[in-house]
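Here is how the chains run, residue by residue.
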Amino acid sequence: MAYDRYVAICRPLEYHAIMTPLTTGKLILFSWIFPFCCGCIGTLLTFRLPLCGSHIEKLYCDNWSVVKLSCVDTTVNNGYGYVVACIFFAHFLFILFSYMKILRACRTSSIAMSKCLQTCLPHLLTVINYNIAMLFDVMYSKYGSHNVPQVLHNLLSVEFLIVPPIFNPLIYGLNFQKIRNKVTRMCSRNKVIHT
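Cut-offs applied
- Residues numbered from 1 in each chain as written.
- Predicted model: local features only at pLDDT ≥ 70, side-chain atom pairs only at ≥ 80, totals over all residues.
- Heavy atoms only, no water.
- Helix = DSSP H or I, 4+ residues; strand = E, 2+ residues; numbered from the N terminus.
- Buried < 20%, exposed > 50% of the residue type's maximum accessible area, 1.4 Å probe, protein only.
- Contact = heavy atoms within 4.5 Å.
- Salt bridge = Lys/Arg side-chain N within 4 Å of Asp/Glu carboxyl O.
- Axes fitted to C-alpha atoms, helices over the stretch in contact; angles between N-to-C directions.
- Parallel < 35°, antiparallel > 145°, perpendicular 65-115°, else oblique.
- Left-handed = near helix turned anticlockwise from the far one by under 90°.
- Phe/Tyr/Trp six-rings, centres within 6.5 Å; stacked < 30°, edge-to-face > 60°.

### Comments concerning the overall build of the chain
Secondary structure assignment for the chain yields 8 helices and 0 strands. Along the chain direction, N to C, the helices and strands of the chain fall in the order α-α-α-α-α-α-α-α. The C-alpha extent of the chain, read off along each of the three principal axes, is 60 × 55 × 25 Å. Of all 195 residues assigned to the chain, the portion counted as buried reaches 24%. The long-range fraction of contacts in the chain, counting pairs at least 24 apart against all pairs at least 6 apart in sequence, stands at 62%.

Encoded structure:
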């Protein structure tokens, strides 16, 4: 999405030459196949490990939780996890770079900047929200403390599964004028009631 919007805003006359159906198909295929292959490789690396336990600290089972149950050296799995994390972080940086280029191209006109923010801000907020949630999940999975209360432990383990789906409709919904007006009216009504 970020690259498509970058080309549409920064190079509009070349858009149809750059974003051909073949290019679009390749980008969509890459966005599905690359994460699938990363997950398959991680799973295959985990299959080879003998397990010495059966207690998973999360409410759901993920690859790293199973790797932590192994009683042999998991250096290969750790290295692979760091490489994949770096690759996905590079994707995140590419998205941010695309949006910085878009903002730079639109800063000359307030109308263009307004349309740019209306179009790009929801996607950017969603990507940032998801990446922060994933960062907390990965950090908690790898370095989580055993001194944390069980309720907080459970909440942190499902945070990345719950927060982004709740946050996305709010971000994209506020993009529509009718929904934004209704939310504004509800918030101003609550201010009057509470004062």
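Next comes the rest of the description.
### Here's the deal with the pattern of salt bridges
As enumerated under the stated definition, the model contains 1 salt bridge in all. The partner of Arg11 in a salt bridge is Glu14, and the shortest N-O contact between them spans 2.8 Å. Owing to a relative accessible area of 33%, Arg11 belongs among the partly exposed residues under this scheme. Exposure remark for Glu14: the relative accessible area of 37% places this residue in the partly exposed category.

### Let's talk about the packing of helix 3 (residues 21–47) against helix 5 (residues 75–106)
Relative to each other, helix 3 and helix 5 sit at 165°, their axes nearing to 10 Å. Between helix 3 and helix 5, the interaxial angle falls into the category roughly antiparallel. Remark: the crossing between helix 3 and helix 5 carries left-handed chirality. Where helix 3 approaches helix 5, its residues Phe30, Phe34, Pro35, Cys37, Cys38, Ile41, Gly42, Leu45 and Thr46 are matched on the opposing element by Val76, Asn77, Tyr80, Val84, Ile87, Phe88 and His91.

### Things to note about the packing of aromatic side chains
Considering all chains together, one arrives at 5 aromatic pairs under this definition. Between Phe89 and Phe92 the ring centres are 6.3 Å apart and the planes differ by 40°, which places this aromatic pair in the tilted class. Taken together, the residues Phe89 and Phe92, both in helix 5 and 3 residues apart, mark about one turn of the helix. For Phe92, a relative accessible area of 13% translates into the label buried.

### Examining the side chain of Thr74
Position of Thr74 relative to the elements: it lies in the loop between helix 4 (63–67) and helix 5. The exposure class of Thr74 is buried, given its relative accessible area of 15%. Sequence-distant contacts of Thr74, that is, excluding residues within four places in its chain, are made with Leu49 and Val67.

### Looking at the packing of helix 1 (residues 2–10) against helix 5
Helix-helix packing is described using two parameters, namely the angle between the two axes and the distance between the axes. For the pair helix 1 and helix 5, interaxial distance at closest approach is 9 Å and the crossing angle is 20°. It follows from the interaxial angle that helix 1 and helix 5 lie roughly parallel. Both helix 1 and helix 5 take part in a crossing whose hand is left-handed. Contact residues: Ala2, Tyr3, Arg5, Tyr6, Ile9 and Cys10 in helix 1; Phe94, Ile95, Ser98, Tyr99, Lys101, Ile102, Ala105 and Cys106 in helix 5.

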